[in-house]
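# Residue-level structure breakdown
Next come the chains, spelled out residue by residue.
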Amino acid sequence: GAVVSQHPSWVICKSGTSVKIECRSLDFQATTMFWYRQFPKQSLMLMATSNEGSKATYEQGVEKDKFLINHASLTLSTLTVTSAHPEDSSFYICSAMILSSTDTQYFGPGTRLTVL
Amino acid sequence: QKEVEQNSGPLSVPEGAIASLNCTYSDRGSQSFFWYRQYSGKSPELIMFIYSNGDKEDGRFTAQLNKASQYVSLLIRDSQPSDSATYLCAPYSSASKIIFGSGTRLSIRP
């Protein structure tokens, strides 16, 4: 099956610093990747759609200047949380889509961010 | 109105029984649906994809779709403790986005 990796798997940082999270499709090319955020005991909330070679499309209410997304290649998308604050502490999950009749998304293992 | 409605649970089912998970959706234009399973602290994993009315079976899992009633369900036969997780119903939109429901927590009791 399709494999998606994320790095790091967890990160702890001080308030005001920036954190970069990588999402890689290991055995397929993904023109489209998605970034989700999940707070404890809540469902996954789609933050943005990342398209290779173009600007990301953000969902309503997500600050594009705070959550910088770069999709530089067909196998890599990055999410940078700028000037992180404790309320940004969450589980960040990416997914990569295989173009097919079902356009199935495969999820990375997630990155747990804790901002002190 | 939320796009997807699921009973948050927890739904408690004895081991070996059939677990029935239900999902209703508001967009009549939704043509296909994913069922994902998510263990606590982990990311979702795909269980089923269904796009035709009727049933689709895969091992112990059966997805049922009724577009007229805007209803999709997942049946798990011979439930095992390892099936204890949150099950997420998600319609597939034309924009290739998956919008997840809040999920149903399933607990299989030995």
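Conventions we followed
- Residues numbered from 1 in each chain as written.
- Chains lettered and ligands numbered in written order.
- Predicted model: local features only at pLDDT ≥ 70, side-chain atom pairs only at ≥ 80, totals over all residues.
- Heavy atoms only, no water.
- Helix = DSSP H or I, 4+ residues; strand = E, 2+ residues; numbered from the N terminus.
- Rg over C-alpha atoms; globule rule 2.2 N^0.38 Å.
- Buried < 20%, exposed > 50% of the residue type's maximum accessible area, 1.4 Å probe, protein only.
- Contact = heavy atoms within 4.5 Å.
- Areas by Shrake-Rupley, 256 points an atom, 1.4 Å probe, with all protein chains shown as cover.
- Lys, Arg positive; Asp, Glu negative; His and termini not counted.
- Charge placed at Lys NZ, Arg CZ, Asp CG, Glu CD.
- Core = buried A, V, L, I, M, F, W, Y, C linked by side-chain atoms within 4.5 Å.
- Buried area = accessible area lost by both parts, 1.4 Å probe.
- Salt bridge = Lys/Arg side-chain N within 4 Å of Asp/Glu carboxyl O.
- Polar contact = N/O pair within 3.5 Å; in protein donor to acceptor, adjacent residues only side chain to side chain.
- Nonpolar A, V, L, I, M, F, W, Y, C, P; charged D, E, K, R; others polar.
- pLDDT = per-residue confidence, 0-100.

Okay, the overall build of chain A next. A count of helices and strands for chain A gives zero helices and eleven strands. Each helix and strand of chain A, ordered N terminal to C terminal, gives the series β-β-β-β-β-β-β-β-β-β-β. On C-alpha atoms alone, chain A measures out to a radius of gyration of 13 Å, which is about the 13 Å that the 2.2 N^0.38 rule sets for 116 residues. Each principal axis of the C-alpha distribution contributes one length, and for chain A these read about 40 × 25 × 20 Å. Counting all 116 residues of chain A, 51% fall into the buried class. By sequence separation, contacts in chain A at least 24 residues apart represent 54% of the contacts at least 6 residues apart. A total accessible area of about 5700 Å² is found for chain A, and carbon and sulfur atoms account for 53% of it. In chain A, which carries 9 positive and 9 negative side-chain charges, the distance between the mean positions of the two groups comes to 7 Å.

Quick look at the nonpolar core now. Within soluble globular proteins, side chains that are nonpolar generally end up buried alongside one another. Core analysis: the largest hydrophobic core is formed by 24 residues, its most contacted members being Trp 35, Phe 67, Leu 79, Tyr 92 and Leu 113 of chain A. Listing elements by their share of this core, those giving two or more residues are β2 (10-13), β3 (19-25), β4 (32-38), β5 (45-51), β7 (67-73), β8 (76-81), β9 (90-97) and β11 (111-115) of chain A. Listed in part, the 22 residues of the second largest apolar core include Met 48, Val 72, Leu 74 and Ile 108 of chain B.

Turning to the interface of chain A and chain B, a few remarks are in order. Residue-level contacts link 19 residues of chain A with 18 residues of chain B. Summing both partners gives a buried area of about 1400 Å² for chain A against chain B, and 59% of it is carried by carbon and sulfur. Counting across the interface, chain A meets chain B through zero salt bridges. Counting the contacts that link chain A with chain B gives five residue pairs in polar contact (both at pLDDT 80 or more). When residues of the side of chain A that touches chain B are traced back to their parent elements, those giving at least two are β4, β5, β9 and β10 (105-107) of chain A. Considered class by class, the residues forming the side of chain A that touches chain B number nine nonpolar, seven polar and three charged.

Moving on, we come to the confidence of the model for chain B. Reading predicted coordinates in detail is not appropriate for stretches of low pLDDT. Residue-level pLDDT values for chain B average 90, and 95% of them are 70 or greater. Strand β2 (residues 11-14) of chain B holds the highest mean pLDDT among the elements of chain B, 96, whereas strand β1 (residues 4-6) of chain B holds the lowest, 87.

Residue and element names in this part refer to chain B. With respect to the helices, strands and loops of the structure, Ala 85 is situated in strand β9 (residues 85-92). Put simply, Ala 85 and Leu 65 are 20 residues apart on the chain and 22 Å apart in space, counted from C-alpha to C-alpha. Once residues lying within four places of it in the same chain are set aside, the contact partners of Ala 85 are Arg 37, Gln 38, Tyr 39, Thr 104, Arg 105 and Leu 106.

This next bit is on unusual backbone geometry. The omega angle of the peptide bond from His 7 of chain A to Pro 8 of chain A is 0°, so this bond is cis rather than trans. Within the secondary structure, Pro 8 of chain A is located in the loop between β1 (4-7) and β2. The omega torsion of the bond from Gly 9 of chain B to Pro 10 of chain B falls at 10°, within 30 degrees of zero and hence cis. Relative to the helices and strands, Pro 10 of chain B is located in the loop between β1 and β2. For Lys 41 of chain A, which is not glycine, the phi torsion reads 60° and is therefore positive. Looking at Lys 41 of chain A, the relative accessible area reads 89%, which means it is exposed. Although it is not a glycine, Asp 78 of chain B adopts a positive phi angle of roughly 50°. Position of Asp 78 of chain B among the secondary structure elements: in the loop between β8 (71-76) and β9. Judged by relative accessible area, which is 41%, Asp 78 of chain B ranks as partly exposed.

Moving on, we come to the side chain of Ser 79 of chain B. Residues and elements named next belong to chain B. Looking at where Ser 79 falls in the secondary structure, it is placed in the loop between β8 and β9. Within polar-contact distance, the side chain of Ser 79 engages the backbone oxygen of Ala 17 at 2.8 Å. A distance of 3.4 Å separates a polar atom in the side chain of Ser 79 from the backbone oxygen of Ile 76. Non-local contacts of Ser 79, meaning those with residues more than four positions away in its chain, are made with Val 13, Pro 14, Glu 15, Gly 16, Ala 17, Ile 18, Ala 19, Arg 60 and Ile 108.

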